[in-house]
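Structural features, examined
Residues per chain are reported as follows:
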Amino acid sequence: MSEPQVRPVSDALGAEIEGVDLNRLTDAQFERIRAAYLEHGVIFFHGQELSPEQHEAFAERWGEINVNRFFTPVEGHPRIALVLKEPEHSANIGGGWHTDHSYDDAPAMGSILMARQVPPTGGDTLFAGMGAAYDALSDGFKTTLETLRAVHSSRHIFGTESKYADAMSDRFGNQEQATQDVVHPVVIRHPDTGRKLLYVNPGFTIGIEGWDPEESKALLGFLYAHAMKPEFHYRFTWKKGSIAFWDNRATWHYALNDYPGERRLMHRITVEGVALS
Ligand code: SIN
């Protein structure tokens, strides 16, 4: 069995891995891939031919599968979330900077997204590195941020009052379960590597604990503008059979919605995580 070739794709985050068949991974190959995932925050593969069952089997090597309660599952595969945009849809799933599951007490460790059908052009996904974004802040500001905690919620995205409720009615469900808010530190330490990471995101963070909305908006606005600088980003172009596996603690992502009238079909499995500190 060959050694996986790991090629970093940017300074801030990401590595493309070649020379492996994810259906036939040896333990040594798995450990090399795991090290790349922890080092780079998101890893990419092309040309993988994984059935839904094989996608699940790959996910289970990393931990228990976390079933997202809001996404419509793939038919016959309740543990796989359907990430779909049909030609007649205008809204896509994930079309803004966010990290998955930050609204949970123990946010999912990572998401394994597999491309089943891609549009002829467009449909790329942007990724941002929260370790690089944190590192680039001044020491004084970092010290202040480390004293703060942020509130995260699912209700404005998945709840009954969501502005996406109509556009996503055929792709999201269980709106009544989008009721809880959770608090996480603004700066977390990665549970496996100990690296410090900025842990707020425009999708699900709704404020700073103990601050009023205007104060929260000002600080979060600054942090978002900072993390949205292109030097922290990588843009991934999908092909059928591509996989992106990102670490939800270390990255943001943004699915571009630039393929009107075309179909894009992805399968996503999330893997359980731990409480963050
Ligand atoms: C997501 O936000 O999980 C979906 C990302 C994508 O479709 O590229």
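Details of the structure are given in the entry above.
This is a predicted model, so every value here is computed, not measured.

This part is about the sheet that holds strand 13 (residues 205–208). The strand order 10-9-13 describes an open sheet built from three strands, whose pairing is antiparallel. Whereas interior strands pair on both sides, the edge strands pair on one side only; in this sheet they are strand 10 (181–185) and strand 13. Sheet twist, expressed as the average angle between the axes of neighbouring strands with direction ignored, equals 30 degrees. Examined bridge by bridge, strand 9 (residues 149–153) and strand 10 share five bridges and lie antiparallel to one another. Within strand 10, the position partnered with Val-151 by the bridge is Val-183.

The end-to-end C-alpha distance of helix 6 (residues 213–227), which contains 15 residues, comes to 20 Å, matching closely the 21 Å that a straight helix rising 1.5 Å per residue would cover. Listed as buried for helix 6 are Ser-216, Leu-219, Leu-220, Leu-223, Tyr-224, His-226 and Ala-227. The buried residues of helix 6 all sit within an arc of 160 degrees when viewed along its axis, so they share a single face. Exposed side chains of helix 6 directed beyond 90 degrees from the buried face belong to Glu-214, Lys-217 and Ala-218. Between a side-chain oxygen at the N-terminus of helix 6 and the backbone nitrogen of Glu-214 the separation is 3.1 Å; the capping residue is Asp-212.

Moving on, we come to the site of the ligand. Taken together, Val-83, Gly-94, His-98, Asp-100, Leu-113, Thr-125, Trp-246, His-253, Ala-255, Arg-264 and Arg-268 are the residues near the ligand. The separation between an oxygen atom of the ligand and a polar side-chain atom of Thr-125 is 2.6 Å. The contact in question runs from an oxygen atom of the ligand to an N or O atom on the side chain of Arg-268, over 2.8 Å. For the ligand, the accessible surface in isolation is 260 Å², of which the surrounding protein chains cover 100%. Only strand 16 (251–255) and strand 17 (264–271) provide two or more residues apiece to the shell around the ligand.

The next point concerns the pattern of salt bridges. Pairs may arise between side chains of opposite charge once their charged atoms sit close together. This model, assessed by the stated rule, comprises 18 salt bridges. Arg-69 serves as the salt-bridge partner of Asp-104, at 2.7 Å between the closest nitrogen and oxygen. Remark: Arg-69 occurs in the loop between strand 4 (65–66) and strand 5 (73–74) and Asp-104 occurs in the loop between strand 6 (77–85) and strand 7 (110–117); sequence separation between them is 35 residues. With its nearest N and O atoms 3.8 Å apart, the salt bridge here joins Asp-139 to Lys-142. Of this pair, Asp-139 and Lys-142 both sit in helix 4 (residues 139–145), three residues apart, which is roughly one turn of the helix. Judged by its relative accessible area of 60%, Asp-139 is exposed. One salt-bridge network, in which partners are shared between bridges, spans Arg-34, Asp-192, Asp-247 and Arg-249.

What counts as what
All residue numbers here refer to positions counted from 1 along the written sequence of the relevant chain. Per-residue local features are limited, in this predicted model, to residues with pLDDT of at least 70; the limit for side-chain atom pairs, both in listing and counting, is 80 or more; totals at the level of whole chains, interfaces and linings are taken over all residues. To get the side-chain values, all heavy atoms of the structure are used, and hydrogens and water are removed first. What makes two strands pair is DSSP finding at least two bridges between them. Per the convention used, a helix needs a DSSP run of H or I reaching at least four residues, while a strand needs a run of E reaching at least two, with both numbered from the N terminus. A fitted line through C-alpha atoms serves as each axis, taken over the contacting stretch for helices, and the angle formed by two N-to-C directions is quoted from 0 to 180°. Take the number of residues in a helix, subtract one, and multiply by 1.5 Å to get its expected span. Exposed residues in this analysis have more than 50% of their type's maximum accessible area, buried residues have under 20%, and partly exposed residues fall in between, with area computed by a 1.4 Å probe over protein chains only. The directions considered for the arc run from the helix axis to the C-beta atoms. Distance and chemistry together define a polar contact, namely a pair of N or O atoms within 3.5 Å, with one atom able to donate a hydrogen and the other to accept it when in protein, and with adjacent residues in sequence counting only for side-chain atoms on both sides. One heavy atom within 4 Å of a molecule or strand makes the whole residue count as near it. In these tables, accessible area is a Shrake-Rupley quantity obtained with a 1.4 Å probe, and a residue counts as shielded only by the protein chains included in the view. Here a salt bridge means any side-chain nitrogen of Lys or Arg lying within 4 Å of a carboxyl oxygen belonging to Asp or Glu.

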